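# Observations on chain architecture
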Amino acid sequence: MTRFSATILVLGLTAIPAGAQDTKKEIQKYQQMIAEGSPVELFELEGETLWKKPQGPNNVSLEKCDLGQGPGVLKGAYARLPRYFKDADRVMDLETRLLHCMTTLQGRSRDEATKRVFGNENQPSEMEYLSAYIASQSRGVRLAAGNSHPKEKEAYELGKALFFYRAGAWDMSCASCHGEDNKRIRMQDLPVLYKPQAARPIMATWPAYRVSNSQFKTMQWRLNDCYRQMRFPEPKFASEATNALNTFLTVTAAGEPYRGPGTKR
Amino acid sequence: MRTLLLSAALLSGIAWAQSPVDVQKVLQRDFQARGQATMDRVVQDGLQRVCTDSHDRPPSDLARQLEADQLKTIDFPPGSLIGDWKRGERIAQGGRGLTWNDKPGAPADGSCYNCHQLSPQEMSYGTIGPSLLRFGWMRGNGPEMQRYVYGKIYNAKAYNLCSQMPRLGHSGTLTPEQIKDLVGLLLDPESPVNKQ
């Protein structure tokens with residue numbers, strides 16, 4: 001951590017006289033450095049332990065959980081989410097499906113399983129560890145979220161409509177920040193997420209470790225925190241709305257080889 | 001004629017599977033109030049509806065009408081509108097206010113640097129909005145300009161219906177006093193925005 005802080009400090013000092021372009025280059029260098037020293041692997045290992053750990057009233061692990069490729073099949077499963085699941089009759093992303101397995105396989109209550117879906121610096125959440133592990137099993141597999149079942153198409157269309165829906169105290173939609181090319185907030189570049197070329201590298205690297213707050217973050221968290229900053233009320237975890245948005249973004253990014261979990265600023 | 005063509009193009013372009021009303025119902029079901037972020041926020045007002053429907057390209061006649069309505073929401077204080085640019089700089093730097101984890105009733109900021117370049121000393125600025133560097137130096141700071149800048153910050157939609165800029169006064173984010181301080185930051189010749 002001290003090393004990261006020192007890096008930020010040095011960057012800050014060199015950036016001021018150099019100008020915005022040079023600052024950008026420095027940030028790219030910094031991003032490369034943090035990727036090399038990323039602790040993502042530790043999250044993957046802890047996730048594997050949790051995947052195999054018997055839990056809940058039924059005292060079973062999640063190893064029989066069907067993420068879409070058959071019970072317990074992890075290879076390439078994440079790259080094909082979100083998708084329609086017949087047993088639940090709805091489209092589910094990774095976290096929604098994990099929650100489904102926790103309640104059905106392990107017999108846990110929804111309240112207990114969702115008590116702490118987003119962790120903090122001191123204590124990551126079970127969802128975050130599990131997401132790291134399961135996503136890592138799709139490295140190299142091309143993103144191919146479900147886009148053929150009527151409910152998948154419906155989710156895509158709803159996600160698209162949500163993306164452009166302006167509301168809240170500040171009149172914002174997702175497109176307010178992610179709707180025009182070559183824009184940024186402060187120094188942060190903003191990908192135009194309804195366009196494939198911009199969505200692909202982003203969706204191929206979530207979930208991700210965020211260096212700025214030393215936490216591993218999931219896609220459900222990413223959407224949640226965007227809505228917080230948009231001055232909206234809070235999206236419910238694993239809701240149809242968040243799954244629809246995730247479907248829209250992942251279908252837009254289709255074809256990109258998955259290379260996460262990523263490391264972000 | 002141009003307006004007609006534009007409207008026709010818009011109508012054919014908007015082939016939403018979900019109408020905004022349907023989306024609103026989904027949001028009412030799938031979102032929850034938290035802190036000061038209450039559920040009434042997912043309900044669109046007329047302007048948000050028009051901008052969503054038209055992908056931020058409203059038919060110009062309608063836009064002019066709705067902009068005029070927005071202009072009426074602005075309560076211009078009497079006298080000079082140029083406040084303290086030093087306080088304005090702090091308001092422009094900060095990003096607090098109106099999120100579900102901001103303390104209700106606590107002073108908010110303008111989040112200005114998120115989207116605009118202002119003082120040249122601040123290298124970390126966003127580009128969603130235009131650069132405002134040297135704004136007052138280039139445009140002067142007479143009563144009309146003061147009024148325009150105050151109004152634009154108070155309710156940006158009065159000047160450009162589907163602007164991405166929040167209605168900072170109208171939404172209750174900033175007080176009239178804070179907006180005057182921001183006007184000072186943009187128009188005071190002593191402000192770093194204008195100092196050569």
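The shown structure was predicted, so the numbers you read here are calculated from the model rather than taken from an experiment. (Residues numbered from 1 in each chain as written. Chains lettered and ligands numbered in written order. Predicted model: local features only at pLDDT ≥ 70, side-chain atom pairs only at ≥ 80, totals over all residues.)

### Observations concerning the overall build of chain A
Of the regular secondary structure elements, chain A holds 11 helices and 8 strands. Residues counted as buried form 43% of the 265 residues belonging to chain A. (Helix = DSSP H or I, 4+ residues; strand = E, 2+ residues; numbered from the N terminus. Buried ≥ 20, exposed ≤ 12 C-beta atoms within 10 Å, placed from the backbone.)

### Regarding the overall build of chain B
Of regular secondary structure, chain B possesses 8 helices and 1 strand. Moving toward the C terminus, one meets the helices and strands of chain B in the order α-α-β-α-α-α-α-α-α. For chain B, buried positions account for 41% of its 196 residues. Long-range pairs, those at least 24 residues apart, make up 61% of the contacts in chain B with a sequence separation of at least 6. (Contact = placed C-beta atoms within 7 Å.)

### Let's talk about the nonpolar core
Formed by 94 residues in total, the largest nonpolar core has its most connected members in Val-183 and Leu-186 of chain B. Per-element tally for this core: the top contributor is helix H6 (residues 126–136) of chain A, with 7 residues. In terms of nonpolar packing, the next biggest core, distinct from the first, is built from 5 residues, Leu-47, Val-50, Leu-161 and Cys-162 of chain B among them. (Core = buried A, V, L, I, M, F, W, Y, C linked by C-beta atoms within 7 Å.)

### A short note on the interface of chain A and chain B
Each partner contributes residues to the interface: chain A has 35 residues there, and chain B has 39 residues. Within the residue set of the side of chain A that touches chain B, elements represented by two or more residues are helix H1 (2–18), helix H2 (20–36), helix H7 (150–163), helix H8 (174–178), strand E3 (183–185), helix H10 (219–229), strand E7 (234–235) and helix H11 (240–252) of chain A. Among the elements that line the side of chain A that touches chain B, the one with the most residues is H7 of chain A, at 4 residues. Taken together, the 2 bridges between E7 of chain A and strand E1 (residues 31–32) of chain B define a ladder with antiparallel strand orientation. Bridge pairing in E1 of chain B links Glu-234 of chain A to Gln-32 of chain B. (Pairing = 2+ DSSP bridges.)

### Here we look at the confidence of the model for chain B
All names here are of chain B. Chain-level statistics for chain B give a pLDDT mean of 92 and a share of 90% at 70 or above. Overall, residues 1–16 carries pLDDT values under 50, and its contacts beyond four positions in sequence, including any with other chains, amount to 10 contacts. Scored as a whole, the predicted complex attains pTM 0.89, and scored at its interfaces, ipTM 0.90. (pLDDT = per-residue confidence, 0-100.)

### A few points about the sheet that holds strand E8 (residues 262–264) of chain A
One key point about sheets: their strands pair by backbone hydrogen bonds, in either a parallel or an antiparallel sense. All names here are of chain A. Judged by pairing direction, the sheet is mixed, and its 3 strands sit side by side in the order E6-E5-E8 without closing on themselves. Looking along the sheet, the strands with just one partner apiece sit at the ends: strand E6 (215–217) and E8. Shown here is a sheet whose adjacent strand axes are inclined to one another by a mean of 30°, direction ignored. Bridging between strand E5 (residues 208–210) and E8 involves 3 bridges; their strand directions are parallel. Of the residues in E8, the one forming a bridge with Arg-210 is Lys-264. (Axes fitted to C-alpha atoms, helices over the stretch in contact; angles between N-to-C directions.)

### Structural notes on the packing of helix H7 (residues 143–154) of chain B against helix H8 (residues 176–187) of chain B
Packed helices, taken two at a time, are described by the angle between their axes plus the distance between the axes. Residues and elements named next belong to chain B. One way to put it is that H7 packs onto H8 with a least axis distance of 9 Å and a crossing angle of 125°. The angle between H7 and H8 places the two elements in the oblique class. Here H7 runs over H8; the crossing is right-handed. Residue-level contacts link Met-145, Gln-146, Val-149, Tyr-150, Ile-153 and Tyr-154 of H7 to Ile-179, Lys-180, Leu-182, Val-183, Leu-186 and Leu-187 of H8. Its residues placed into classes, the contact of H7 with H8 shows 10 nonpolar, 1 polar and 1 charged. (Parallel < 35°, antiparallel > 145°, perpendicular 65-115°, else oblique. Left-handed = near helix turned anticlockwise from the far one by under 90°. Nonpolar A, V, L, I, M, F, W, Y, C, P; charged D, E, K, R; others polar.)

### Things to note about unusual backbone geometry
Peptide bonds are trans in most cases, and residues, glycine excluded, mostly fall at negative phi. Residue and element names in this part refer to chain A. Along the chain, Leu-81 connects to Pro-82 via a cis peptide bond; the corresponding omega equals -5°. When you line up the elements, Pro-82 lands in the loop between helix H3 (40–51) and strand E1 (83–85). A cis amide bond links Trp-206 with the next residue in sequence, Pro-207, at an omega value of -5°. Located in the positive-phi region is Asp-171, a residue other than glycine, with phi close to 60°. Mapped onto the elements, Asp-171 comes out in the loop between H7 and H8.

### Observations concerning the packing of helix H5 (residues 85–93) of chain B against H8 of chain B
Residue and element names in this part refer to chain B. Contact pair H5 / H8: the axes reach a minimum separation of 7 Å and the direction vectors enclose 105°. Comparing their axes, H8 and H5 come out roughly perpendicular. Across from Trp-85, Arg-87, Gly-88, Glu-89, Ile-91 and Ala-92 in H5, the residues of H8 making contact are Gln-178, Asp-181, Leu-182, Gly-184 and Leu-185. Across the contact of H5 with H8, the residue classes break down as 5 nonpolar, 3 polar and 3 charged.

### Here we look at H3 of chain A
The end-to-end C-alpha distance of H3 of chain A, which contains 12 residues, comes to 16 Å, matching closely the 16 Å that a straight helix rising 1.5 Å per residue would cover. Packed against the buried residues of H3 of chain A are H6, E5 and E6 of chain A. (Expected span 1.5 Å × (residues − 1).)

### Concerning the confidence of the model for chain A
Scored by pLDDT, chain A has a mean of 91; 89% of the residues are at 70 or more. In this model residues 1–17 of chain A is a low-confidence stretch, pLDDT under 50, and it forms 11 contacts with partners more than four residues away in sequence or in other chains.

### Comments concerning the environment of His-116 of chain B
Residue and element names in this part refer to chain B. Relative to the helices and strands, His-116 is located in the loop between H5 and helix H6 (135–139). Residues His-116 and Leu-186, spaced 70 residues apart in sequence, show a C-alpha to C-alpha distance of 12 Å. What His-116 contacts, discounting residues up to four positions off in sequence, is Tyr-125, Gly-126, Gly-129, Pro-130, Ser-131 and Leu-132.

### Remarks on the environment of Ala-244 of chain A
All names here are of chain A. When you line up the elements, Ala-244 lands in helix H11. Exposure remark for Ala-244: the 27 C-beta atoms within 10 Å place this residue in the buried category. Linking Ala-244 and Asn-59, residues 185 residues apart in sequence, is a C-alpha distance of 32 Å. Beyond its immediate sequence surroundings of up to four residues, Ala-244 is in contact with Ala-155, Leu-158, Gly-159 and Leu-162.

### Overview of the environment of Lys-217 of chain A
Tracing the sequence through the fold places Lys-217 of chain A in strand E6. Excluding anything up to four places from it in sequence, Lys-217 of chain A contacts Pro-207, Ala-208, Arg-210 and Arg-222 of chain A.

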